[in-house]
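Letter by letter, the chains look like this.
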Amino acid sequence: MIVRILATAISEANIARRNRWVLIAVVLMVVFSLVISAVGSAPSGALGADRLSITVASLTSLSVYLVPLVALLMSFDAVAGEVERGTLPLLLTYPVARWEILAGKLAAHTCILVIALVAGYGAAAFVAVANDPAAVAGFGALWRLTWTSTLLGATFLGIGYALSSLARRASGAAGLAIGVWLGLVVLYDLALLAVVVADDGGTFTTQVFPVALLANPADAFRLFNLSASQATAAASGIGGAAASIALWQSLLSVLVWPLIALGLATLAFKKVEP
């Protein structure tokens, strides 16, 4: 089983390398992380936290948008692309279970994502420590951000595989991926804020709102990192709810969502006919 998954992962990694996904992901993370590091750590003294912890808080906000987008862009044609290229029938003739195919693709894409995250976050950490040696105190927060970003990326990779299986055409899968990204990462929070304002401290705000945040993998990721960080004072908007939700609840959501997404992708892939 492990050998079959590894073989699929190596093949998928070679495809991603030829398509320049490794370079694209690394460049995106490094450029945006350096920009955040340059402008996002200015309030460190006022907030009483080290420079790197403040940078991590800013990187958390960046990662909520960028990591899901990169993951969806890598995964939207994982199945639809195989269908259009005519390689899916050949792939399914091999003695490999469908979930093993998805697991191999997930392993390859996750490795690419980890490379990009380490490069981007590492560059931001280097800048922070170079400007303030005391910023090494924030390495714990940076490590937490790195592995939770990996889990967030794995969640949206699984979502991308599911969309790719449902659409069966790369163009349709791309449209669905962008729609899901806009819905979960952008519009979801705006809708919650609108309802909270209209509710004016009622039942939705006190009981439904925290559950709604945990039900979104992007919000659960942001809440966990902000509530576990020394820099929660830098948060605003929905991120300010970090203090009102137990740390274990957001952690549980972060850990469970990749499994749910991969399960949904497996179910969708089983219905694909070559």
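The structure contained in this document is the topic of the report that follows. (Residues numbered from 1 in each chain as written. Predicted model: local features only at pLDDT ≥ 70, side-chain atom pairs only at ≥ 80, totals over all residues. Heavy atoms only, no water.)

### Comments concerning the overall build of the chain
Okay, step 1: A tally of helices and strands in the chain yields 12 helices and 0 strands.
Okay, step 2: The helix and strand sequence of the chain, counted from the amino end, reads α-α-α-α-α-α-α-α-α-α-α-α.
Okay, step 3: A burial count over the chain gives 48% of its 274 residues as buried.
Okay, step 4: Total accessible area computed for the chain in this model is approximately 12200 Å², and 71% of it derives from carbon and sulfur atoms. (Helix = DSSP H or I, 4+ residues; strand = E, 2+ residues; numbered from the N terminus. Buried < 20%, exposed > 50% of the residue type's maximum accessible area, 1.4 Å probe, protein only. Areas by Shrake-Rupley, 256 points an atom, 1.4 Å probe, with all protein chains shown as cover.)

### Regarding the nonpolar core
Okay, step 1: Membership of the largest hydrophobic core comes to 58 residues, with the highest contact counts inside it found for Leu59, Met74, Tyr121, Phe156, Tyr161 and Phe269.
Okay, step 2: Contributing elements (two or more residues each) for this core: helix H2 (21-39), helix H4 (51-75), helix H6 (88-93), helix H7 (98-131), helix H8 (139-167), helix H9 (170-199), helix H11 (217-228) and helix H12 (247-270).
Okay, step 3: Once residues within four sequence positions are removed from consideration, Tyr121 is found in contact with Met29, Ser33, Leu59, Ser63, Val67, Leu142, Leu145, Thr146 and Ser149.
Okay, step 4: Formed by 9 residues, the second largest nonpolar core is a distinct cluster that contains Leu192, Val196, Phe204 and Leu214. (Core = buried A, V, L, I, M, F, W, Y, C linked by side-chain atoms within 4.5 Å. Contact = heavy atoms within 4.5 Å.)

### Points about the side chain of Ser33
Okay, step 1: Tracing the backbone through its elements, the reader meets Ser33 in helix H2.
Okay, step 2: Given the relative accessible area of 0%, Ser33 is considered buried.
Okay, step 3: Residues in contact with Ser33, not counting those within four places in the same chain, are Leu59, Leu62, Gly120, Tyr121 and Ala124.

### A short note on the packing of aromatic side chains
Okay, step 1: Per the stated rule, a full pass over the model turns up 2 aromatic pairs.
Okay, step 2: A ring pair is formed by Phe204 and Phe209, whose centres lie 6.5 Å apart and whose planes are at 45 degrees; its orientation type is tilted. We note that Phe204, like Phe209, is buried.
Okay, step 3: Above the face of the Phe269 ring, Arg98 is positioned so that its terminal group lies 5.3 Å from the ring centre. (Phe/Tyr/Trp six-rings, centres within 6.5 Å; stacked < 30°, edge-to-face > 60°. Lys NZ or Arg CZ within 6 Å of the ring centre and 35° of its normal.)

### Digging into the packing of H4 against H9
Okay, step 1: Running from N to C, H4 and H9 cross one another at 160 degrees; their axes reach a closest spacing of 10 Å. It follows from the interaxial angle that H4 and H9 lie roughly antiparallel. Note that H4 runs across H9; the crossing there is right-handed. Only Ala177, Ile178, Trp181, Val185 and Val186 of H9 make contact with H4, whose side of the interface consists of Val64, Tyr65, Pro68, Leu69 and Leu72.
Okay, step 2: When the residues that make up the contact of H4 with H9 are grouped by side-chain class, the tally is 10 nonpolar, no polar and no charged. (Axes fitted to C-alpha atoms, helices over the stretch in contact; angles between N-to-C directions. Parallel < 35°, antiparallel > 145°, perpendicular 65-115°, else oblique. Left-handed = near helix turned anticlockwise from the far one by under 90°. Nonpolar A, V, L, I, M, F, W, Y, C, P; charged D, E, K, R; others polar.)

### With respect to the environment of Met29
Okay, step 1: Its location among the elements puts Met29 in helix H2.
Okay, step 2: With 95 residues separating them along the chain, Met29 and Ala124 place their C-alpha atoms 9.8 Å apart.
Okay, step 3: Setting aside residues no more than four positions away along its own chain, Met29 makes contact with Leu66, Ala116, Leu117, Gly120 and Tyr121.

### Looking at the packing of helix H1 (residues 2-18) against H7
Helix packing geometry: the angle between the two helix axes and the distance between the axes.
Okay, step 1: It is the contact of H1 with H7, at a shortest axis distance of 7 Å, that shows an interaxial angle of 50 degrees. When the axes of H1 and H7 are compared, the pair comes out oblique. Crossing geometry of H1 relative to H7 is assigned as right-handed. Residues Arg4, Ile5, Thr8, Ala9, Glu12, Ala13 and Ala16 of H1 touch H7, and the partners they reach there are Trp99, Glu100, Ile101, Ala103, Gly104, Lys105, Ala107, Ala108, His109 and Ile112.
Okay, step 2: Counted by class, the contact of H1 with H7 contains 10 nonpolar, 3 polar and 4 charged residues.

### Topic: the environment of Leu163
Okay, step 1: When you line up the elements, Leu163 lands in helix H8.
Okay, step 2: Beyond its immediate stretch of four places on either side in the chain, Leu163 contacts Ala173, Leu176, Ala177 and Val180.

### Describing H4
Okay, step 1: Helix length check: H4 (25 residues) gives 35 Å between terminal C-alpha atoms against 36 Å at 1.5 Å per residue, within 8%.
Okay, step 2: The sharpest bend along H4 comes to roughly 40 degrees, located at Ser63.
Okay, step 3: The element H4 is largely enclosed, with a buried count of 21 among its 25 residues. (Expected span 1.5 Å × (residues − 1). Bend = angle between axes of the 7 residues up to and from the residue.)

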